[in-house]
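Structure assessment
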Amino acid sequence: NEFHLSKLTSNQRIHELEFYYPTTKNKTVVDKSAFMKGFIDLIFEWQGKYYILDWKSNYIENGYEMPALENAMLEHQYDLQYSVYSVCLFRWLKARGMKDSEWLSKFGGIIYLFIRGTTESKGCYFKSSEKLPSIEDCLKRINHLMGQIG
């Protein structure tokens, strides 16, 4: 039961899922400047769980093994990016009937594919949902950082 992106059906994947994320605490202003617009490269469902996949074209001088990928994830703040994506997926699933209590059983994790170095054993950064921050922690971090910007 090996995973292959190429074997996912069109019903199991969503490409370039567009989202809007509120960026200010000012609820009286509702215009484009109050939202961050983004696209999640790929959301897919496999074995009953949803995954977020993001393609990266970064050149990583130290190679594409896990220590170098972990450094790139922190250096480019992709951990913040996947926090935003996780909250967006959570809200998307809730809008389709998921209960809050089902999140951990429905979310499989995040995958970052560094396409310049992807081989069978390199270039793939994966974190399962159990190793990711909770939705509450993601929201706290995002709101804290958005508060510093706004």
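Going by the structure above, here's the rest.
As the structure is a prediction and not an experimental result, all values here were calculated from the model.

**Focus: the sheet that holds strand β3 (residues 49-56)**
- If you trace the five strands from one edge of the open sheet to the other, you get β1-β2-β3-β4-β5, paired in mixed fashion. Across the chains shown, the open sheet's two edge strands, defined by having one partner strand only, are β1 (13-22) and β5 (124-128). Ignoring strand direction, the axes of neighbouring strands in this sheet form an average angle of 30°.
- In this structure, β1 lies alongside strand β2 (residues 35-46), joined through nine bridges in antiparallel fashion. Across the sheet, R13 pairs through a bridge with F44, a residue of β2.
- Sheet contacts for helix α1 (residues 66-75): β4 (107-114) and β5; angle to β5, the most-contacted strand, approximately 75°.

**What about the packing of α1 against helix α2 (residues 78-95)?**
- Axis separation between α1 and α2 bottoms out at 5 Å; the angle between their running directions is 70°. When the axis of α1 is compared with that of α2, the two are roughly perpendicular. Touching A72, M73 and L74 of α1 are Y78, D79 and Y82, all from α2.
- For the contact of α1 with α2, a count of residues per class yields five nonpolar, no polar and one charged.

Reading the values: the criteria
- Residues numbered from 1 in each chain as written.
- Predicted model: local features only at pLDDT ≥ 70, side-chain atom pairs only at ≥ 80, totals over all residues.
- Heavy atoms only, no water.
- Pairing = 2+ DSSP bridges.
- Helix = DSSP H or I, 4+ residues; strand = E, 2+ residues; numbered from the N terminus.
- Axes fitted to C-alpha atoms, helices over the stretch in contact; angles between N-to-C directions.
- Contact = heavy atoms within 4.5 Å.
- Parallel < 35°, antiparallel > 145°, perpendicular 65-115°, else oblique.
- Nonpolar A, V, L, I, M, F, W, Y, C, P; charged D, E, K, R; others polar.

Honestly, it's all geometry; don't read function into it.
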